[in-house]
Amino acid sequence: GLDGLRAVAVFLVIFYHLNLPFVPGGYGVMMFFVISGFLITWLLLKEFARTGGISLLGFYRRRTLRIFPAFYVFLACWIVVLLVANRPVPWAHATSAFFYFSNYYNAILGDPNNGFSHTWSLAIEEQFYLLWPSLFLLLIRRPASLPMALACLICAVWIYRFVLCYVLNVDQGYLYAAFDTRFDSLMAGCLLAVVLHQGRYSGLVA
């Protein structure tokens, strides 16, 4: 079922970039974030229920092996393609992508619309992977209150984004690409995983 949702999200993004009318590409990206939040939290919940803890080292090792090799091969190949084609390499943008900060490069400096532009969403997910396991360990100490804590985080992002947009008049590019304005979608997936898991494994909230 999640593979099907991924396929929908992929096609929304692809069709949007093909300039097909009335295709909400942004919703495709949002679906990716929700799915990522759900899957990562579901795995953490299963590990916590099984072992009573979370191996942060194991988590980061799995994420690293899953993402880093393919991503850095892509990054190297694209730089080689630009060099061979005698085209300028946007080294600042490439460096931000290398360190998974291209979302803030786009948010602060504007999206230069090059081959590194799309790495912004991966940067958001990597920042989520970096922060969420430790926050999860802190919140899971009181599992019965975990859904409310996540709901409060989501509402806090909504309020924060409202203030940025309508009080501080922050550019829409920042609101779209920055982790601090987008992690409510990831938290929505986390909340869904917690609610479903607690319903299935009632002992977790006993």
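All values reported here derive from a predicted model rather than from experimental measurement. (Residues numbered from 1 in each chain as written. Predicted model: local features only at pLDDT ≥ 70, side-chain atom pairs only at ≥ 80, totals over all residues. Heavy atoms only, no water.)

**Considerations on the packing of helix H3 (residues 56-84) against helix H4 (residues 91-98)**
Now for step 1: At a closest axis distance of 11 Å, the pairing of H3 and H4 adopts a crossing angle of 170°. In terms of their interaxial angle, H3 and H4 are classed as roughly antiparallel. Together, Phe 71, Tyr 72, Leu 75 and Ile 79 of H3 and Trp 91, Ala 94, Ala 97 and Phe 98 of H4 make up the contact between the two elements. (Axes fitted to C-alpha atoms, helices over the stretch in contact; angles between N-to-C directions. Helix = DSSP H or I, 4+ residues; strand = E, 2+ residues; numbered from the N terminus. Parallel < 35°, antiparallel > 145°, perpendicular 65-115°, else oblique. Contact = heavy atoms within 4.5 Å.)

**Some details on the pattern of salt bridges**
Now for step 1: Per the stated rule, a full pass over the model turns up two salt bridges.
Now for step 2: Note that Glu 47 is salt-bridged to Arg 62, the shortest N-O span being 3.7 Å. One end of the pair, Glu 47, is in helix H2 (residues 25-51); the other, Arg 62, is in helix H3, and 15 residues separate them in sequence. (Salt bridge = Lys/Arg side-chain N within 4 Å of Asp/Glu carboxyl O.)

**Remarks on the layout of surface pockets**
Now for step 1: Taken as a whole, the largest pocket holds about 1,100 Å³ of empty space.
Now for step 2: In this structure, the largest pocket is lined by 37 residues; those nearest its centre are Phe 32, His 118, Ser 121, Leu 122 and Glu 125.
Now for step 3: For the lining of the largest pocket, the elements supplying multiple residues, two or more each, are helix H1 (2-17), H2, H3, helix H6 (119-139) and helix H8 (172-177). (1 Å grid on protein atoms, 1.4 Å probe; cavity = no way out; pocket = protein on both sides within 12 Å on 5 of 7 lines; lining within 4 Å. Points joined across faces, edges and corners; volume = space filled by probe spheres on them.)

**Regarding the confidence of the model for the protein**
Now for step 1: Taken residue by residue, the protein gives an average pLDDT of 90. The fraction at 70 or more is 95%.
Now for step 2: Across the protein, the secondary-structure element scoring lowest on mean pLDDT is H1, at 73, and the one scoring highest is H4, at 97. (pLDDT = per-residue confidence, 0-100.)

**Points about the side chain of His 93**
Now for step 1: Along the chain, His 93 falls in helix H4.
Now for step 2: Using a relative accessible area of 0% as the deciding quantity, one classes His 93 as buried.
Now for step 3: One polar contact links His 93 to Asn 114, side chain to side chain, over a distance of 3.1 Å. (Buried < 20%, exposed > 50% of the residue type's maximum accessible area, 1.4 Å probe, protein only. Polar contact = N/O pair within 3.5 Å; in protein donor to acceptor, adjacent residues only side chain to side chain.)

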